[in-house]
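Analysis of the macromolecular model
Letter by letter, the chains look like this.
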Amino acid sequence: MNLFLGRGCNESCSFCYAGDFFQGAAPVKRGSVLEQIRAYAALVADAPPLPQWSEDLGELAMTLFASRSVNLLGGEPTIHPDFVKIVETVHEQGLGAIVFTNASKPERIEAVADKLWSITVNGHFAHRAPKLPFDIRRIFANLPVRPNEDVVELLKPIHDAGIRAVFLAFATPVGGADPHCFTPEDQDEMRRVHGLALAYCEDVGIHLGYDCSFPLCVDERVKQSRCTSVPVMDESGYMTICGGEYAYAEGRRHVSKFESLDQLHRYTLGLIDNLRALPSKFDICNQCPEFNVRCHGMCLAYREKPALVEA
């Protein structure tokens, strides 16, 4: 489950999605997020045992595995006033906390280091990772790349920091203020960028993974599973999905309204299916036989936005 802890940040990355997603968000009562975490954890605790892992698991089963983790996102989650208590509550509820961070607040990480499963650092701030009081083997990097950026030069600080796994993403304008992003029509350039990244990572011993916005058409060597967008919860306990906030702002459902984890997952996967039914803004995707089969059009970022989609 992704838990968004507001949109506040102490950096101003132009490619960040958080700004537009939370514009106009109502103030949240201090500490209420802890109640929502406990409500979600109760659904997980009552769920049946996980199925045996295999590469052929269906989307619902894949989401069940993801439900045991709570990915703390922002903005920058470590600047949230209740960050330490939130991590402690996630841990107390038997769930695994994963922090997505710009690594600017090592003292906040130190306070909960023994209660974190792992840390994912924004690759543009990977030079800060060695200062985090956390096992570098459990720190990963997510690297959004924009057109005209040198991907190898972006990867070098990640390698120098000691990080050995990076998830490559092509920056898309999902909520971001920067219009200078990759589109599905940039296949030749994306293919070139990916080739450089793959060669570099193979040479220096970094595992190259892929963010959900990475399109399968770029390279046949990319092995990307189907979209497994996990439920998203805001601080008030309302559930939605990544990439779908613009369509479902009026159709969110509170975590307390679900009677089981299965019901919650079927609800959020239903929202995803509705978005997948929308055409792409780009004919190259609409005409592709893999569109909505294995590939989802760069993480739903370039779908034709509906006036309103009923949940």
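See the structure printed just above.
Let us look at the structure shown here.

Rules used throughout
Residues numbered from 1 in each chain as written. Predicted model: local features only at pLDDT ≥ 70, side-chain atom pairs only at ≥ 80, totals over all residues. Heavy atoms only, no water. Pairing = 2+ DSSP bridges. Helix = DSSP H or I, 4+ residues; strand = E, 2+ residues; numbered from the N terminus. Contact = heavy atoms within 4.5 Å. Axes fitted to C-alpha atoms, helices over the stretch in contact; angles between N-to-C directions. Salt bridge = Lys/Arg side-chain N within 4 Å of Asp/Glu carboxyl O. Buried < 20%, exposed > 50% of the residue type's maximum accessible area, 1.4 Å probe, protein only. Core = buried A, V, L, I, M, F, W, Y, C linked by side-chain atoms within 4.5 Å. Arc of directions from axis to C-beta. Polar contact = N/O pair within 3.5 Å; in protein donor to acceptor, adjacent residues only side chain to side chain.

Ordered by their spatial adjacency, 10 strands build an open sheet running S7-S6-S5-S4-S3-S2-S1-S8-S9-S10, and the pairing between neighbours is mixed. Two strands in the sheet have a free side with no partner beyond their single neighbour: strand S7 (207-210) and strand S10 (253-254). Here strand S4 (residues 116-122) pairs with strand S5 (residues 139-145) via four bridges, running parallel. Residue pairing across strands places Asn122 opposite Asn142, the latter belonging to S5. The sheet strands contacting helix H7 (residues 187-204) are S5, strand S6 (165-170) and S7, and the helix crosses S7 at an angle near 150°.

With that out of the way, let us pick up the pattern of salt bridges. Applying the stated criterion across every chain, the model contains nine salt bridges. When the shortest N-O distance is used, the salt bridge between Arg137 and Asp135 registers 2.9 Å. Assessed through its relative accessible area of 26%, Asp135 is described here as partly exposed. Across the pair Asp219 and Arg221 runs a salt bridge whose closest N-O atoms are separated by 2.7 Å. Classification of Asp219 by relative accessible area gives buried; the value is 9%.

Turning our attention to the nonpolar core. Core analysis: the biggest nonpolar cluster contains 81 residues, and Leu3, Leu72, Leu116, Leu143, Val151, Leu155 and Val166 have the highest contact counts within it. Those residues in contact with Leu143 that sit more than four places away from it in its chain are Gly123, His124, Val151, Leu154, Leu155, Ile158, Val166, Phe167, Leu168 and Ala169.

This next bit is on the pairing of strand S2 (residues 69-73). Among the five residues of S2, five are classified as buried, and the element is accordingly described as predominantly covered. Of the two faces of S2, the one lined by Ser69, Asn71 and Leu73 and the one lined by Val70 and Leu72 are each fully buried. As paired strands, strand S1 (residues 2-4) and S2 are joined by three bridges and run parallel to one another. Note on S2: the bridge partner recorded for Phe4 is Leu73. Sheet analysis places S2 next to strand S3 (residues 96-101), joined by four bridges and oriented parallel. Bridge pairing in S3 links Leu72 to Val99.

By the secondary structure assignment, His194 is in helix H7. Not counting the four nearest positions on each side in its chain, His194 is found in contact with Leu168, Leu208, Tyr210, Phe214, Val218, Asp219 and Val222.

Three or more residues of helix H6 (residues 151-160) are buried, namely Val151, Val152, Leu154, Leu155 and Ile158. The arc enclosing the buried residues of H6, seen along the axis, measures out at 155°, which places them on a common side. The inward-facing, buried residues of H6 abut S5, S6 and H7. Sitting at the amino-terminal end of H6 is Asp150, which places a side-chain oxygen 3.1 Å from the backbone nitrogen of Val152.

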